[in-house]
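Close look at the chain arrangement
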Amino acid sequence: MLLQKQELIESLVRQGDLEKAWEVEDRLPEVLDTEKDRGLLARHDIDVEALVEPR
């Protein structure tokens, strides 16, 4: 699943994790593939399963 970096940032802000949101802003590409970038997301302690939760 493709995910825009801005969507990830907004999700982290909603969860109250502002520190991680700032880290994502600085270090991740604009578009993420949750399958291909699973390792990159894991290095930043981002749970892919939580990202794809229903809205």
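See the structure printed just above.
This text gives an overview of the structure that appears in the document. (Residues numbered from 1 in each chain as written. Predicted model: local features only at pLDDT ≥ 70, side-chain atom pairs only at ≥ 80, totals over all residues. Heavy atoms only, no water.)

**Focus: the overall build of the chain**
Secondary structure assignment for the chain yields four helices and two strands. Taken from the N to the C terminus, the helices and strands of the chain come in the order β-α-α-β-α-α. Here the C-alpha atoms of the chain give a radius of gyration of 10 Å, agreeing with the 10 Å that 2.2 N^0.38 yields for 55 residues. In terms of its C-alpha atoms, the chain occupies a principal-axis envelope of roughly 25 × 25 × 15 Å. (Helix = DSSP H or I, 4+ residues; strand = E, 2+ residues; numbered from the N terminus. Rg over C-alpha atoms; globule rule 2.2 N^0.38 Å.)

**Things to note about the pattern of salt bridges**
Two side chains carrying opposite charge are able to pair once their charged atoms lie near each other. Here the structure, examined in full by the defined rule, presents four salt bridges. Linking K5 and E30 is a salt bridge whose minimum nitrogen-to-oxygen distance equals 3.1 Å. Here K5 is found in helix α1 (residues 5-14), whereas its partner E30 is found in the loop between α2 (18-27) and β2 (31-33), with 25 residues between them in sequence. We classify K5 as buried; its relative accessible area is 5%. Residue classification places E30 among the exposed residues on the basis of a relative accessible area of 52%. Here E23 ties to R27 by a salt bridge, and the two come within 3.9 Å at their closest N and O atoms. Of this pair, E23 and R27 both sit in helix α2, four residues apart, roughly one helical turn. On the basis of relative accessibility, which here comes to 25%, the residue E23 falls in the partly exposed class. (Salt bridge = Lys/Arg side-chain N within 4 Å of Asp/Glu carboxyl O. Buried < 20%, exposed > 50% of the residue type's maximum accessible area, 1.4 Å probe, protein only.)

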